[in-house]
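An overview of the molecular structure
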Amino acid sequence: MAKADTETRQFPYLPDSDVVAVQRGPEPGGIKGAYRVFGETLRGLKTTMARMIEGPVTIQYPEEKTAVYPRFRGRHKLHRFEDTGLEKCVGCSLCAAACPADCIRVVAAENDPANRVSAGERYAAVYEINLSRCIFCGYCEVACPFDAITMGHDYEMADYNRGDLIFTKEMLLAEPIERTPLRVEGE
Amino acid sequence: MLIAEVGFAEATWILIVKALVIFAAVFAVAPVLTVVERKILGRFQARYGPNRVGPFGLLQPAADALKLIGKEQFEPRGALRLLYAAGPALVVFSGIATLAILPWGDVKNGVGFYGIDVSIGVLYFFAFGGLSFYGLLLGGWASGSKYSFLGAMRSAAQLISYEISMALALFGAILMAGTLSLTEIVHAQDDVWFVVPQFLGFLIFMVAGFAEANRAPFDLPEADAELVAGYQTEYGGMRWGSFMLAEYLEMFVISGIAATFFLGGWKGPGPGFLDPIWMLAKILGLMFLFFWVRATLPRVRYDQLMSFGWKVLLPLATLNALVTAVLVTVL
């Protein structure tokens, strides 16, 4: 077999055993070619028909939404303590320091003991995230020592003005208007 | 000498009514076909197709037509005005004219269920079908654009390589029926549809029909990948819409001719008033084949098209016609 190959293919050198002859496709044309073309055409028709029987796989977006994974990094959320209702954020600015896109602005202020805003000594008087700059890397979430900021699941943040994409503390603390569907186990 | 036999003549007003009905049917059928094609094509690609305008997207053609009519009528600077405008008109004209000979049912109470029953039947189809190509050629050439010109030249080359095979493919059926009249050909299929003895002819006719209607995989005159849009590159608005309308009409007519010649025309079980419905069902079935093939096959190369037309289809069609002729004479 190997000898026949060397003779017919006429290698310019003596091929070793590890030389693999190139597998070529059948020659085009002729009766065989016509038969092959016909067969392949029918095979193609079968393939497309199978797709039709399978049915559409597209998601009708505004009505149907893709479920996200629990770890999906969407729009940020700020959190409060459930029992006291105090903000978890103490205005330490570590998130702003960690942010590679430099989109977080925190201005801290001292807590008034009579009227506490956060559980710590200080609180964030201003907490703004410029979502038109945010790259959704999640470093802020990692940097936060109090789990005050986490990445939520919302991904519908389109807006008409860039100014509207600067989210203030109130907006980040509020529940999202519409909940993004969450992927369930095993889906 | 008897040149043409006229079975019976209909009153002029009946002919006018028929003409109006055909004209109205064209503008009702073609838009529906566009949305049907897009939806079926979508299913083949595992998506839905248009489903936003109206219930199930059925108002999509209305929106499309409104958009096209509202568009500006522009002309390229290098265009020849008259011919540029004549191109789409000619294509639509030929499409509507060929629709006239499709028989939708038998003659009842002295009124034939077709536009006209010309004794030259299929020659009429080829004459007006060939005319549509002038629309493409003139439109493409008069646009004054190289892409249009290339598309037009391609359609010319495509026409000469397919028209002959197409005619020869029908020859077998004509020989078996012994007449050119389309109603008579349907009557000749009382016993068995011609698709059984003339299966090769049917295949050749359909393949040539794809080329004739400029449909995939033979949509070389449009060839969006290489020629932008071929002969229709410089057209916009309703002029472009006319080309699309004509394409669907042509597809409809070719399916109709194939149904008449090979699938027994209006014949089917059930009472007589179901005839047009049977015809429509057969036509739509063949149109589905058009969509199916479009969703499946990639466009063939220009030389592949030529060699396929001349080296495969033409000899096969000739052989088919010859063998049928011999068998018809002998048997």
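This one's a predicted model, so the numbers in the text were calculated from it and none came from an experiment.

Packed helix pairs are specified by the crossing angle of their axes together with the interaxial distance, meaning the distance between the axes. Helix H1 (residues 12-44) of chain B packs onto helix H2 (residues 30-54) of chain A with a crossing angle of 95 degrees between their chain directions and a minimal axis gap of 7 Å. In terms of axis orientation, H2(A) runs roughly perpendicular to H1(B). For the pair formed by H2(A) and H1(B), the contact residues are A:Thr48, A:Met49, A:Arg51 and A:Met52 on the first element and B:Ile40, B:Arg43 and B:Phe44 on the second.

The next subject is the side chain of A:Glu87. Residues and elements named next belong to chain A. With respect to the element layout, Glu87 can be found in the loop between strand E1 (76-78) and helix H3 (94-98). Note on Glu87: relative accessible area 7%, which makes it buried. One polar contact links Glu87 to Lys169, side chain to side chain, over a distance of 3.1 Å. In this view, Glu87 contacts His79, Arg80, Phe81, Val117, Ser118, Ala119, Lys169 and Leu173; residues no more than four positions away in its chain are not counted.

A separate point is helix H5 (residues 146-177) of chain B. Residues and elements named next belong to chain B. Taking 1.5 Å per residue, 32 residues should reach 46 Å; H5 reaches 46 Å between its end C-alpha atoms and fits that length. The sharpest bend along H5 reaches about 30 degrees and sits at Phe171. Two to three positions downstream of the cap, the backbone nitrogen of Tyr147 sits 3.3 Å from a side-chain oxygen, assigning the N-cap of H5 to Ser145. Remark: Gly178 follows H5 within two positions and exhibits a positive phi of approximately 70 degrees.

Turning our attention to the domain arrangement of chain B. Residues and elements named next belong to chain B. Entries for chain B in the domain assignment read domain 1 (32-70) and domain 2 (75-330). When each unit is reduced to the centre of its C-alpha atoms, the spacing between domain 1 and domain 2 is 24 Å. The interface of domain 1 with domain 2 comprises 9 residues on the first partner and 14 residues on the second. Summed over both partners, the interface of domain 1 with domain 2 comes to about 1,100 Å²; 82% of that surface belongs to carbon and sulfur atoms. Counting the surface domain 1 buries against domain 2, the share from its top three residues, Leu33, Glu37 and Leu68, is 53%. For the pair domain 1 and domain 2, the number of links is 2 salt bridges. At the boundary of domain 1 and domain 2, one finds 4 residue pairs in polar contact (both at pLDDT 80 or more). Those elements that provide at least two residues to the side of domain 1 that touches domain 2 are H1 and helix H2 (60-70). For the side of domain 1 that touches domain 2, the leading source of residues is H1, giving 7 residues. Classifying every residue of the side of domain 1 that touches domain 2 by side-chain character gives 7 nonpolar, 1 polar and 1 charged.

Another aspect to go through is the sheet that holds strand E5 (residues 166-167) of chain A. Residue and element names in this part refer to chain A. Taken in spatial order, the 3 strands of this open sheet run E2-E3-E5, and their pairing is antiparallel. The sheet is open, and its two edges are formed by strand E2 (104-110) and E5, each paired on a single side. Note that strand E3 (residues 122-130) and E5 share 2 bridges and pair antiparallel. When the bridges of E5 are listed, Ile129 appears paired with Phe167.

Reading the values: rules and limits
Residues numbered from 1 in each chain as written. Chains lettered and ligands numbered in written order. Predicted model: local features only at pLDDT ≥ 70, side-chain atom pairs only at ≥ 80, totals over all residues. Heavy atoms only, no water. Axes fitted to C-alpha atoms, helices over the stretch in contact; angles between N-to-C directions. Helix = DSSP H or I, 4+ residues; strand = E, 2+ residues; numbered from the N terminus. Parallel < 35°, antiparallel > 145°, perpendicular 65-115°, else oblique. Contact = heavy atoms within 4.5 Å. Buried < 20%, exposed > 50% of the residue type's maximum accessible area, 1.4 Å probe, protein only. Polar contact = N/O pair within 3.5 Å; in protein donor to acceptor, adjacent residues only side chain to side chain. Expected span 1.5 Å × (residues − 1). Bend = angle between axes of the 7 residues up to and from the residue. Domains from an automatic or database assignment. Buried area = accessible area lost by both parts, 1.4 Å probe. Salt bridge = Lys/Arg side-chain N within 4 Å of Asp/Glu carboxyl O. Nonpolar A, V, L, I, M, F, W, Y, C, P; charged D, E, K, R; others polar. Pairing = 2+ DSSP bridges.

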